[in-house]
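Tertiary structure, described
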Amino acid sequence: MSIFRENPVLGREIGIRLRLSRYSKANRIAIYGTLFGVIPLIYLVTLRLLFVQTSTNAGRDFYLIWMMLIELTTALLLPAALTASAITGEREKQTWNALLLARLSDSQIVFGKLAGALLPAAILFVLFFPINVLSGWAAGVTLKHFLVGHMILFSTALLSAALGLFCSWAFRRTQIALVTTVLGLLLVGLGTPLLFLLAQMSFGWRTTPAESFVPLWLNPYCALMHFVEPLIYRSSGREIDSAVGVTFLGVTTLVSAMLLFTVTMRLKLGPEELTH
């Protein structure tokens, strides 16, 4: 528990995320219903499909569905939605200057806000992790590729949280920070495929494979699909090009570090209102 005493921002953020009493009654009912109703039902259906019916086909489908649709979408959107209000919310409540003037380092503030936003996504990943293990085992996914696929999920969540925190620092209002963050994520998630389709129509790249279009390497869905799909559907004859996954992991980690470094360095200057 020393980490919470040394960084009260982290303890406060985690307390806010986990304290159910702060939620409305309807939200608490939804949370309890999800934990004790929806998730057990998902596990029941998954186990039935994997071990009672055709386990190989079900494992392939479930692995792609959970990794591509549910977990990756969660990693892309949920952390950004939380960090987009991390700083603007403090400004709107007029507690931001007091936090900056407290006896805390800038890195403690940034790390506390970042970790607090990543916590809900991490909880969901832990809840669904056994499903990934079972479906990956049924589909014949190796440990190496299983770990790299989850590294892509984590780097996507880190980029999402870092972008939201940067926009929350750069803008005064939560609505503006949230819209800007979502637009940036949509540019990554939808803009690169649209750019590829536009290039195909404009330059006649009808037979050009998607993996040869480098901007798609920065798309989390394309990176994860390119890395996982040939491994599961081995009959396609495609080989996994590790350059795509390595490039995505490297770029997202670098961009996340730059965004967090920018926010941290800016906080060293102290409250903006007191520098004028």
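In case you missed it, the structure is sitting above this.
Attention in this report is confined to the structure presented alongside it. For clarity, every value in this text was computed on a predicted model and none was experimentally measured. (Residues numbered from 1 in each chain as written. Predicted model: local features only at pLDDT ≥ 70, side-chain atom pairs only at ≥ 80, totals over all residues. Heavy atoms only, no water.)

1. Notes on the overall build of the chain
- Secondary structure summary: the chain contains 11 helices and zero strands in total.
- The secondary structure elements of the chain, listed N-terminal to C-terminal, are α-α-α-α-α-α-α-α-α-α-α.
- In the chain, buried positions account for 42% of the 276 residues.
- Split by element, the accessible area of the chain, about 14700 Å² in all, is 70% carbon and sulfur. (Helix = DSSP H or I, 4+ residues; strand = E, 2+ residues; numbered from the N terminus. Buried < 20%, exposed > 50% of the residue type's maximum accessible area, 1.4 Å probe, protein only. Areas by Shrake-Rupley, 256 points an atom, 1.4 Å probe, with all protein chains shown as cover.)

2. Examining the environment of leucine 127
- Tracing the backbone through its elements, the reader meets leucine 127 in helix α7 (residues 106-139).
- Owing to a relative accessible area of 25%, leucine 127 belongs among the partly exposed residues under this scheme.
- Between the C-alpha atoms of leucine 127 and isoleucine 39, which are 88 residues apart in sequence, the distance is 8.2 Å.
- Discounting residues that sit within four places of it in the chain, leucine 127 has contacts with Leu35, Ile39 and Tyr43. (Contact = heavy atoms within 4.5 Å.)

3. Here's the deal with the pattern of salt bridges
- All chains considered together, the criterion is met by one salt bridge.
- In this structure, glutamate 90 engages lysine 113 in a salt bridge whose closest nitrogen and oxygen atoms are separated by 2.7 Å. With glutamate 90 in helix α5 (residues 88-92) and lysine 113 in helix α7, this pair connects stretches of sequence that are 23 residues apart.
- In this structure glutamate 90 comes out as buried when scored by relative accessible area, which is 4%. (Salt bridge = Lys/Arg side-chain N within 4 Å of Asp/Glu carboxyl O.)

4. Overview of a nonpolar patch on the surface
- Together, Leu178, Val179, Val182, Leu183, Leu186, Leu190, Leu194, Leu195, Leu197, Leu198 and Met201 make up a nonpolar patch on the protein surface, roughly 1000 Å² of accessible area in all.
- Relative to the helices and strands, leucine 198 is located in helix α9 (residues 174-203).
- A relative accessible area of 45% places leucine 198 in the partly exposed class. (Patch = residues over 30% accessible without salt bridge, like charges linked within 9 Å, V, L, I, M, F, W, Y side chains within 5 Å.)

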